[in-house]
Amino acid sequence: ERQGTITIETATGPRRKEQGSGSAIVRIIDDGPGIAREVLPRIFEPHFTTRAAEGSTGLGLPLARSIVERMGGRIEVESRPGRTCFEVVLPSAAATAVEEC
């Protein structure tokens, strides 16, 4: 309902033994009202949505998580009023290339 700010941060993570090299980290942060505590554990469930009246299918976050996990990464979320942060951690391209060989 109000104008807010979306911040995108990128970083590299430390080398992880199981990956063989570092990782890429992307954080998407907003300063909105946050995700309700009782809803937060369910946001990655297929077809779960709080926006059914707006035509949402509840597939966006489960699909995003599936793609990230297929790439050997993870997606996590922390939320409180005034700050929600989705963090995507992906293995570096070198680590992915080794797995594909």
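In this report, the structure presented in the accompanying data block is examined. (Residues numbered from 1 in each chain as written. Predicted model: local features only at pLDDT ≥ 70, side-chain atom pairs only at ≥ 80, totals over all residues. Heavy atoms only, no water.)

Volume-wise, the largest pocket comes out at about 560 Å³. As for the largest pocket, its lining consists of 20 residues, of which Ile35, Ile43, Thr50, Arg51 and Leu61 are closest to the centre. Breaking the lining of the largest pocket down by element, the ones donating at least two residues are helix H1 (60-70) and strand S4 (83-91). Here the element with the most residues in the lining of the largest pocket is H1; it accounts for 3 residues. (1 Å grid on protein atoms, 1.4 Å probe; cavity = no way out; pocket = protein on both sides within 12 Å on 5 of 7 lines; lining within 4 Å. Points joined across faces, edges and corners; volume = space filled by probe spheres on them. Helix = DSSP H or I, 4+ residues; strand = E, 2+ residues; numbered from the N terminus.)

Turning our attention to the pattern of salt bridges. Enumeration according to the criterion identifies 5 salt bridges in this entry. Arg27 is paired through a salt bridge with Glu87; the nearest N and O atoms lie 2.7 Å apart. Linking Arg27 in strand S2 (residues 23-30) with Glu87 in strand S4, this pair joins segments that are 60 residues apart in sequence. Between Arg74 and Glu76 there is a salt bridge, with the nearest N and O atoms lying 2.9 Å from each other. Classification of Glu76 by relative accessible area gives partly exposed; the value is 39%. Residues participating in the shared-partner salt-bridge network are Glu9, Arg27 and Glu87. (Salt bridge = Lys/Arg side-chain N within 4 Å of Asp/Glu carboxyl O. Buried < 20%, exposed > 50% of the residue type's maximum accessible area, 1.4 Å probe, protein only.)

The values are spatial; any link to function lies outside them.
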